[in-house]
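# Remarks on the overall topology
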Amino acid sequence: MSSDSIKTLQQKLFRGAEDANGIQQTESRDPGLTIQIPKPEVAPLALKPPPKTSKAASGDSKIQQNGQTKNYRQRLSESLGVDYHGVEKYRLLQDENRERHWKRWGPYLSDRQWATVREDYSDNGDAWSHFPHEHSRSRAYRWGEDGIGGISDSHQRLCFSLALWNEQDSILKERLFGVTGHQGNHGEDVKEIYYYLDSTPTHSYMKFLYKYPQRKYPYEELVNENVHRDRNVEEYEILDTNVFDDDRYWDVFIEYAKDEDDPDNIYIRVTSYNRGPDPATLHIIPQLWFRNTWSWPAQKPPLPSLSAATTDDDISYIKVKHPEMGGNFLCCLPSPPPMGPDGKFVGDEDAVINPDLLFTENNTNFRRLYNGVNQGVCVKDAFHDHIIPSHRPQRGRSDSQGTDGSSTPRPTASASTCEPLPQESPFVSSDKCGTKSAAHYIFRDVPGRGGCAVVRLKLTPLSPNKDRSLEDECAFDDVVEERREEANEFYSSLLFGPISDDLKQVMRQALGGMLWTKQFYYFVQKEWIEGDPAQPPPPPGRQHIRNKHWRHMHIEDILSMPDKWEYPFFAAWDTAFHCIPLAVVDPVFAKKQLDILTREWYMKPDGQIPAYEWNFSDVNPPVHAWATFRVFKIERKLTGREDIPFLERVFQKLLLNFTWWVNRKDSGGNNVFEGGFLGLDNIGVFNRSEPLPTGGNLRQADGTAWMAFYCLNMLNIALELAKHNAVYEDIASKFFEHFIFIADAMTYKSGDNESSLWNEKDGMYYDAIEFGPGNSIQLPVRSLVSLIPLYATLVLEPAVINRFPGFKKRMEWFIDNRPEISGRNMANMRAGGRGERRLLALASKERLVRILEKMLDEDEFFSEYGIRSLSKLHKEKPWGMQVNGDWHEVGYWPGESHSGMFGGNSNWRGPIWLAVNFLLIESLQRFYQYYGDELQVECPTGSGDYMNLVEVAEEIQHRIIHIFGRDMEGKRATNGGNVRLDQDPHFRDYVSFYEFFHGDTGRGLGASHQTGWTGLVAYHILQSGVSCRLPKTPRTPRSLVHHYFDETIDTQSEYGGDTQSLYSAISTLEVNTLGDISPDAL
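Residues numbered from 1 in each chain as written. Predicted model: local features only at pLDDT ≥ 70, side-chain atom pairs only at ≥ 80, totals over all residues. Heavy atoms only, no water.

Below, the discussion takes up the sheet that holds strand β8 (residues 249-259). The nine strands are arranged β6-β7-β8-β9-β17-β13-β12-β11-β15 in an open sheet whose pairing can be described as antiparallel. What marks the edges here is a single partner per strand, and that holds for β6 (193-199) and β15 (433-434). Where β6 lies against strand β7 (residues 205-213), six bridges are found, and the strand directions are antiparallel. The partner of isoleucine 193 across the bridge, within β7, is lysine 211. On the sheet, helix α10 (residues 473-492) packs against β6, β7, β8, β9 (262-274) and β17 (451-460) and is oriented at approximately 100 degrees with respect to β9. On top of the sheet, helix α11 (residues 501-516) reaches β6, β7 and β8; it is set at about 95 degrees to β6, its chief contact. (Pairing = 2+ DSSP bridges. Helix = DSSP H or I, 4+ residues; strand = E, 2+ residues; numbered from the N terminus. Contact = heavy atoms within 4.5 Å. Axes fitted to C-alpha atoms, helices over the stretch in contact; angles between N-to-C directions.)

With that settled, consider the pattern of salt bridges. By the definition in use, this model includes 75 salt bridges. Note that aspartate 586 is salt-bridged to lysine 103, the shortest N-O span being 2.6 Å. Placement of the pair is aspartate 586 in the loop between α13 (572-585) and α14 (587-596) and lysine 103 in the loop between α4 (87-96) and β1 (105-106), with a sequence separation of 483 residues. Taken as a pair, aspartate 586 and lysine 103 share a single burial class, namely buried. By sharing partners, the salt bridges in this structure join Glu255, Arg269, Arg456, Asp477, Glu481, Arg484 and Glu485 into a single network. (Salt bridge = Lys/Arg side-chain N within 4 Å of Asp/Glu carboxyl O. Buried < 20%, exposed > 50% of the residue type's maximum accessible area, 1.4 Å probe, protein only.)

With that out of the way, let us pick up the packing of helix α3 (residues 72-80) against α4. One way to put it is that α3 packs onto α4 with a least axis distance of 10 Å and a crossing angle of 70 degrees. Here α3 is positioned roughly perpendicular relative to α4, judged by the angle of their axes. Residues Tyr72, Arg73, Leu76 and Leu80 of α3 form the contact with α4, whose participating residues are Val87, Tyr90 and Arg91. (Parallel < 35°, antiparallel > 145°, perpendicular 65-115°, else oblique.)

The subject of this paragraph is the nonpolar core. Counting residues in each nonpolar core, the largest one holds 183 residues, and the members touching the most others are Leu715 and Met855. The element contributing the most residues to this core is helix α17 (residues 701-722), with 16 residues. Not counting residues up to four positions away in its chain, the partners in contact with leucine 715 are Ala732, Phe735, Phe736, Leu794, Phe807 and Leu840. Residues Trp105, Ala115, Tyr256 and Trp565 belong to the second largest nonpolar core, which totals 63 residues. (Core = buried A, V, L, I, M, F, W, Y, C linked by side-chain atoms within 4.5 Å.)

When you line up the elements, leucine 358 lands in strand β14 (residues 356-360). What makes leucine 358 buried here is its relative accessible area of 2%. As a C-alpha pair, leucine 358 and isoleucine 285 span 73 residues in sequence and 9.7 Å in three-dimensional space.

Okay, helix α26 (residues 949-961) next. Taking 1.5 Å per residue as the helical rise, α26 with its 13 residues ought to reach 18 Å, and the 18 Å between its terminal C-alpha atoms agrees with that figure. Of all 13 residues in α26, 13 are buried, a share of seventy percent or more. Of the residues flanking the start of α26, the one acting as N-cap is asparagine 948, its side-chain oxygen 3.1 Å from the backbone nitrogen of valine 950. (Expected span 1.5 Å × (residues − 1). Polar contact = N/O pair within 3.5 Å; in protein donor to acceptor, adjacent residues only side chain to side chain.)

Together, Asp312, Asp313, Asp314 and Glu471 line one region of the surface with negative charge. Within the secondary structure, aspartate 314 sits in the loop between β11 (305-310) and β12 (316-322). Given a relative accessible area of 56%, aspartate 314 falls into the exposed group. (Patch = residues over 30% accessible without salt bridge, like charges linked within 9 Å, V, L, I, M, F, W, Y side chains within 5 Å. Areas by Shrake-Rupley, 256 points an atom, 1.4 Å probe, with all protein chains shown as cover. Lys, Arg positive; Asp, Glu negative; His and termini not counted. Charge placed at Lys NZ, Arg CZ, Asp CG, Glu CD.)

For the rest of this paragraph, the subject is the state of the cysteines. Taken as a whole and assessed by the stated rule, the structure comprises zero disulfides. Cysteine 331 takes part in no disulfide bond, and the closest cysteine sulfur to it belongs to cysteine 332, at a distance of 7.3 Å. (Disulfide = S-S within 2.5 Å.)

Side chains on a regular strand alternate between the two faces of the sheet. When you tally the buried positions in strand β13 (residues 326-332), you get five out of seven residues, the bulk of the element. Direction of pairing for β12 relative to β13: antiparallel, over a ladder of seven bridges. For histidine 322, the partnering residue across the bridge sits in β13 and is glycine 326. What sits between β12 and β13 in their antiparallel hairpin is a turn of three residues. Of the pairings in the sheet, the one linking β13 to β17 comprises four bridges and is antiparallel in character. Each bridged residue has a counterpart across the sheet, and for leucine 330 the counterpart in β17 is leucine 459.

This is the structure in structure tokens:
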């Protein structure tokens, strides 16, 4: 390259600005989400419009470029006219219609593949010990791949992610570290700081932030400290160590941007800021590799290959050949030298940093792990050996022995006193080819306080010698910025009414995080349980440890994960909640998630839906029908389209699942469902998944209530389908009657006596143990078990009842002729409510009011941040009983669990969980449909402030939003009072979405990146963020807000006739504007 060319490249690479303190200056419309690169002192050159690739130029004629100054949004808008609803929505439509495969590439790498059940081939089922973190860099994975901020194709054949080295660590940082279930005092937990900042549904733009310490990473300290802490002490986190002191860390931003009209052209920009006070060196090592598919079958398939090449302009690139993918290229552009916050380059400004391309094989290093023989010289961990001298095998000892005396090497190994093998040893391929590759960039002496280094790469099927974008990095940057602006356009289109910038950011990061936590999930039960022909057979007893009855299971899909590090596997009831906010941004993906779990390669032939990989046979609450109908209605609201085939297909499979519940979980045929732990882990006095130490049968108030809830949702779907097929009218009648019988079972026969799960004295539902005829006791624990019966609520509109005369006749006959069943344990079905509606609910008006009295009591369930999972009453009054000399007790634990039940990594004895709060909110909104303003309750209890139920629901929503939003002092409750997280300008705009939250303080607990169901906060913000006050400020009086809902089959106002709610103006908005998304409005 000539000197002038280098200067031009530098000028194009570095644009934007930081202030004098090295702090990024962000645009008000996108706070905390914009990367600004320091600007050199020389004036930037005029920018040319992005050049068009040959494939893009041959795209849809409607969007051909017709002017050199218009961006893609402008051209597409002019072409589509009134049909333009945004670029991202256009891409979603293209993907749905199979015109472009926009989702072929996405964030489908796991954050943790090591220590998963799928990789466990042990004889005792101890996945944590069989494949520890120490093995992950050296041992080939069988069922998936992981990495930092990485992407892959939808079949995970080709993977890309980032590795880093600070010249202090003994290993490369190429995957996220955390303590295992055995090491953590509250179970497994990731010990890194990273954020999913942004993503569009098609992944046309994505952004990820990883904070990488400049000091040596404290692997050993984190493990040892957590191992020695008991369950009564908080977890030891990386911010508790000294590695981030003095801001000695890197902010490493990874951005992905797809070409405007070509989903296979991916621009990758890595921007790293030195936040510390002193210059520091950083190795940036992007990696491209194939998932190992060749080490398992008896007959090796054709091997894919990666190899090095250069363009005519000396730009290095990696050639990709795969028998199923065709050719691809990873172009590794030269980078300018580091630049300080003052806009000056480090060293010779005419110099550029070219990467060293490295190659090896994605094969296990048997020598390092087992002192065995490798298949070849090059193995999976070769880059560690090549770059880090202290990592190389040592002369004088076996490398299969860790520094702690364990049988595996530790990542904490310090430099050995033994002599390392010389650099000339062939760790990497001398032929520059293999199945794993890397581009090694070294940035030395990057200035502190905001100095930065930039790496640009492009993954493309186009020949590098013909790709003009490689010659114009200014155009490269323009592509990234255009995709970000299109993301801004997309998320702005979701908003209805004025919402604060802070809550907009919380919403966007929540939705972005949910889109980032998609993962390629691969599992074939037969191959997993029998072992692979080319590998040693697994231990004989292994097939009896778990999942042996799921022989039909064959999964190879992109699935929504709860948390890609702590829970890198699907969980059935989590998925149902994920799909509610996902449906707002991508209804097609949400529908597929719900549909696929009922397909024959997931669902057992008897109708059971798999729970999660630790035990597919476990039982999760039956929320699938609810989520299916909610997603159906959200899509109808967004697009005006009713996907009846989807609704009918899932409903047919759920009929099998409902039958499975009746046959397997109602052992006595009495419509009382035991169910087991039902996703609530340690909520009970006893482990509800095991036989009771007392003997007898557990009558579960929540199990029976869940089935009543399931029944009503199936009834609702059947009525919707009956609009198109009269057969479903009879099925609706069937579910109506089944609901009545389930409701009746809340009072159950015990010999000649009757016993009830309702406690009239306390005004709560409780579990009960039935020991025999006439001998049962209630377990008076005030928990979610007492509140879940409120979920079973459905309002029938008069228009619905009159539309289906057969259903109406059967319902009225049942009410008239079976009063002994239809007249107890539920609301009065004879009485018409507001607008002559009928109410189907377990809780009568009197019981509802009594339950709400406790639920809205701030000394019981009602926290500043939502509804607690256990009443605070049990802090001073724990309840327990002695059984066989052992004391079993439930007390109020607002934070982490104090017991090891279900691994001890979650707690349902006081914390706030967004999923169950979400269903309580919707239940209150439905009760309001029926009771209207007639029913007012004190909220909070004892405050003298009375609200209708829709206002109560909104108050709970606001309190949940307060977990994440800033208060008057700039603090977020989820940060737990951590000053750095609340006040540091490089932390305060980023939000962590935890699994659950402290019942008193709102501090985030459990999995720290569970944007799975915690992403529901985005839905709350969209629904009620307009009226949400700042945290810790008093609620101001407001007029009655009628912006909730309409479960009608006909498109009629909830008030009847032409009457409209105060928020009903949304009905006049154009389709694709979300507007009111409360259940009735859908």
